[in-house]
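A closer look at the structure
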Amino acid sequence: MRHFEINQSELKTSQVGQSKKHESAVKQVSGTAHYIDDKPHPNGGLHAYPVLATISCGHILSIDSSQAQAVNGVVTILSAADIPGSNDVGPVFKGDILLTDDKIEYHSQPVLLVVAQTYEIARQAARLVKIEYKNETPQLDIQVAIKNEQWVRPPHEMKLGSVETELPKSKHQISGQMHIGGQEHFYLEGQVSVATPTEDGGMFVQCSTQNPSEIQHLVAKVINRPFNFITVEMRRMGGGFGGKETQAAPWACLAALAALHTGKSVKLRLARADDFKITGKRHPFFNTYEVGFDDNGLIEAANIELSGYCGYSPDLSDAIVERAQFHADNAYFYPHNKIRGNRCYVNTVSHTAYRGFGGPQGMMAAEQIVDDIAYYLGKDPLEIRKLNLYRPGRDITPYHQQVEQFILQDMIAQVEQSANYWQRKTEIKSFNQNSAFIKKGLALTPVKFGISFTVQHLNQAGALVLIYTDGSIHVNHGGTEMGQGLNTKIAQIVAEAFSVNSEHILVNATRTDKVPNTSPTAASSGTDLNGMAALNAANTIKQRLVEFVARHFNLELEQIHFSNNQLHYGNNRMSFAELINLAYINRISLSSTGFYSTPKIHFDKEKGTGHPFFYYAHGVALAEVQIDTLTGENTTTRVDILHDVGNSINPAIDIGQIEGAFIQGMGWLTTEDLRWNQDGSLASFGPATYKIPAIGDTPAEFNVELYDSANPQTSVFRSKAVGEPPFMLGISVWSALRNAIASITDYQYAPDLDTPATPEVILAAVEKAQNWQAQHSQNTAQELQNA
Amino acid sequence: MIQFLLNQDLIELEAVAPSLSILDWLRTNKGKTGTKEGCASGDCGACTVLIGENKQGNWQYKSINACLMLVGNLHGKHLVTIEAVSQNAFPEFDDLHPVQKAMVECHGSQCGFCTPGIIMSMLALYLNHTSYPGKSTAIHALGGNLCRCTGYNPILKAVEKCFDYPRANFNWQAELTLLTTKLAENAIPNLTNQNCHFYLPQNLADLVKLKAQMPTAQLVAGATDLSLAFTQQLKTPQQLISVSQCQPLIGYQQNQDGMFIGAATPYAEFIKQFCQIYPESTELFNRLGSTQIRNSGTLGGSIGNASPIGDPAPLLIALNAKIELASERGKRVIALEDYFIAYKTTQLKPDEVISGFYLPPRPLNLTLACHKISKRIEDDISTVCLVMALTTDNQHIITANIAFGGMTAIPARAKQTEAALIKQPTELATFKAAAKQISQDFSPLSDVRASAEYRVKVSENLLIRSWHQTFGQIEIQKNHSDNIQLPATRVQHAAL
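Here's what I pulled together on the structure shown here. (Residues numbered from 1 in each chain as written. Chains lettered and ligands numbered in written order. Predicted model: local features only at pLDDT ≥ 70, side-chain atom pairs only at ≥ 80, totals over all residues. Heavy atoms only, no water.)

A few points about the pattern of salt bridges
All told, the structure shown has 57 salt bridges over all chains when counted by the stated rule. Note that K103(A) is salt-bridged to E105(A), the shortest N-O span being 3.9 Å. Residue K103(A) is classed as partly exposed on the basis of its relative accessible area, which comes to 44%. Of the residues examined, E105(A) reaches a relative accessible area of 13% and is grouped as buried. The closest approach of N and O atoms between K720(A) and D644(A), which form a salt bridge, is 2.6 Å. Linking K720(A) in the loop between β29 (701-706) and α19 (731-742) with D644(A) in the loop between β28 (634-643) and α18 (651-669), this pair joins segments that are 76 residues apart in sequence. Since its relative accessible area comes to 0%, D644(A) is described here as buried. Three or more residues are tied together by salt bridges with common partners; here these are D37(A), D38(A), K267(A), R269(A), R27(B), K36(B) and E37(B). (Salt bridge = Lys/Arg side-chain N within 4 Å of Asp/Glu carboxyl O. Buried < 20%, exposed > 50% of the residue type's maximum accessible area, 1.4 Å probe, protein only. Helix = DSSP H or I, 4+ residues; strand = E, 2+ residues; numbered from the N terminus.)

Let's talk about the pairing of strand β8 (residues 172-180) of chain A
Residue and element names in this part refer to chain A. Here β8 shows one buried face, formed by H172, I174, G176, M178 and I180, and one open face, formed by Q173, S175, Q177 and H179. Relative to strand β13 (residues 285-293), β8 is paired through nine bridges, and the arrangement is antiparallel. If you follow G176 over to β13, its bridge partner there is Y289. (Pairing = 2+ DSSP bridges.)

Some remarks on the sheet that holds β13(A)
All names here are of chain A. Read across the open sheet, the five strands follow the order β7-β15-β14-β13-β8; overall the sheet is mixed. The open sheet has two edge strands, β7 (151-160) and β8, and neither has a second partner. Going across the sheet, the axis of each strand differs from the next one's by a mean of 10°, ignoring polarity. By the bridge criterion, nine bridges tie β13 to strand β14 (residues 299-311) in an arrangement that is antiparallel. Directly across from V291, in β14, lies its bridge partner A302. The sheet contacts of helix α11 (residues 359-377) involve β8, β13 and β14, and relative to β13 the element is tilted by about 40°. (Axes fitted to C-alpha atoms, helices over the stretch in contact; angles between N-to-C directions. Contact = heavy atoms within 4.5 Å.)

Considerations on the state of the cysteines
Across all of its chains, the model carries zero disulfides over all chains by this definition. Cysteine C344(A) is unpaired, with the sulfur of C310(A) as its nearest cysteine sulfur at 6.3 Å. Of the residues examined, C344(A) reaches a relative accessible area of 0% and is grouped as buried. In this structure C149(B) is a free cysteine whose sulfur lies 3.9 Å from that of C111(B), the closest cysteine sulfur available. (Disulfide = S-S within 2.5 Å.)

Right, here's the structure in full:
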């Protein structure tokens, strides 16, 4: 595998490392960037909409669609019986049913598909279908699922040392639990697909998806055609965040099914409320822990159980709960530990990938543990965090991968100093003593996030680089652009390889007929994998060009190099365009594929051991919050972040990822409150009741810096993945809220704080702290009296 | 027929569905897909467009949600979409408007789906200011635009930066003049689609006549609430009568008898005046929906829909406002409090319309406190809204109006709580005792916003907070220049 080492002195004039504008920025601000629903629908094109069940659990007794069928403009109504191939669109394991004809396992499960001349008619007719059910009581309680061992996939454990024998020996032992809420992706562009039959009996599918190859495979299976008859195209998504990794597939498959039956191009776009109801979300979790530690707060043993609400089917839950387990240590060494992960069945939509992929829910356990130890011992939580960080000699993770990079100590020290942690801590303490109702809190939390798909075979990527005779360069790769700036970074990487301006490079739609067998753009891996594949493709062509020039001008290879849009050969130079034309005339191939597979990684799932991550990305956030102890209202007033992206390929894009991820993480833990009714229907099914952060929620002071450090591993230009890791910096807000509440007890006791920490949850914790304090004062008074 | 300008084109429509939103019309009928549908419920702002209105010969522009506003309401107006903002249909960077340039240069777009809406909200701000009006105004202008990618920091920077470029002006005068001259007179603008009708009466006589003729017709003003029946419940109304251009219902008057606010006056047009009399209500109005909602929503719409959670009702009830109802039979004025009967049931007769609201003059000895609790500050519906209006003689409470939203099926006063305050000294103990009565007054529901227990607890605490804010003053830590301590959530906003 070829790796491209950068010459730091050349970097100043290079394409990589510059804050280039997002490749679509001008189009986005002028409304000319096309999303799937913006493309003109062909004449005679149809619209499909699913008919949704109105119960959460039970069976279908009868279906009467005559009223819907009679609506003027309805073309056909399709059911499971109309599916020529598979009715199961499970991405890894079976269980995700496209159209059910019998068993209902979650509220609003699709039953039929209405195909009509307009979107409005399809939606309206879908509501006219009458279905009779045999209603059963939905299972929504995770405690019941754990007790009855209702799993969508078997539980797994990771173990290091012997927690059973060592934990009881610790001088201090505490335990705790936490309910962690889920999260709706709320990509601004909802799920949408257009399927158009091809003359070969295949299907051309345009889909807002992070996973074009999987759409290709599933459409093929549903309409019973070989993969090569299906082409999927994806230019850009209006946000993904994991919500379009597997959740785009059912709608693409249904659009294709309708296109197959009607011979017409068919669009399926979910209305926002239905998108909320029938697509998976971040898994809610229930975590429990027992931890043993010494007088200083040094952890000796930890026993952690993480239970994810997986919904009705496996989807990606096996790997998501596993990633929660992988991050239940966060950045802290547990000399003896056991980390168990339960994949619990509940009668809801099947929960799915969401930025962090279970990692955040696991990391919450670690951050709760260190906070709880600190308040138990009456120490500053930051001291406990620093004490327990991985360091040489204390560097084995629960899955036995050895940690090799120890930069968090330095990163924390930098933020401690630049953001005046200790001085502000003192000031806040004094503020809180003098403020009757408003209390401030401060917390610094680190992030150590493992980079690589934990499913090893997904760590591969392909790219296709085409150079045309005018010197312009077209790049395709297997990744998808969802706003994260992947195409911009890929253009910079290819531009760097040829020493041309990235503006000369067009990175266009992802298509399964350009680059095959791609992995989803997920696990923060987009640039790591596809950037390296594109670089390898570019280097292949570059090598040919250099060898050609050497032959043609009779020069040594060392006498040839590319710089500033030019080829320098011997004492001469020519423009890149002239070189390409010369090469073409001399019949040199000007296109190449590129391929990359991540080295070093392996993991034995049964044993729970291995080296699943190529490297770790790190970050540190310091958050200051205020709470109103009368109402539980709260605000994050200042945030300081230092984040490790290795050598940044595009600092502006990386900072954009960090800021956006932080706010999304903060929203997950504060305002974003998914609620289900007792009948299993989603109560918060739209932005009127589900509140993602708005512009006023951005902290008044928000400082984000990149940590100056190259990736020690040979990643593309020694950069690091950035999509997911900073999401978990939002945990600092949760920890700071607890810190503010703990001020009520003079930091002697911090009540549990389930998430999202809405005003209601915070007020309940405040009351608990006030009651504790009242009891404590009474006890102290009693003791004084007794003395 | 209705007539309006779409960017530079004169549009004349006769046969479209009465419930057709501007967004659906733009995207489906006109193929103008720059304006995006994010939620179709007025909560995300991706569909933000500008509406220009001729105010005494001066065209003024404001942002609205295209998914909520009905096409029929566009009559006589100038609809400006993202397609008209830059100098070229497929622009290069140099063709962009300053608000667009700033967004590009500040890296303000990632996935780009919310971006056209953000641009339009920024443009509204730009057109109404010649220099950067400060961060809190920027937040106020963009509070109704959700972005899931950026965390908003680059957008806030772009709002500041857009004023740094040379000033850009639009020249729409010729088209606007054409529209003005084209506007048909002496007719009720209307739309007819099959057997569905939309009417836009311009005067009260026409309005009440139409309502008498069609007692089952649905009245609509800004449609910020009613449109949800169309976009979410997929209802197709047969007859819609829009009051949004009925002149006597628009605007406000103020004299020694108090203030009259026309029922169809958008909030944005009277908030400033209202808050001059009642500055304590500023936050309540600033947090009512979003800028887009305040630019189209009306008191008549909010009260007419009798929502149990609308914020204006508790405020107006606490201030002893009266509601004026008009019909061909004449006008009648009743206390707003008596207007609400039960959930979504009111005193409004089938042939009546709400024409306006009377606010009595502010009593000299009035003490007012307004509170809104919600999960989010910007654009959120109240979990609990509390308005406390007391008159005092310095030491004792003479009258007490404690009105709540979100506590029961209609906006309502807490009578037992009030009784516990009247004639009592203005001391903390009085309020603590009165707070205990709230659970006697109401048995709220648990719902998606909060539990019943929280609603009661927070209401009790808000009453106590009201004392600290109004009579207490000393007990609460101050940390900015206002003479009252704001709750934590508001500290940030006030301090910006």
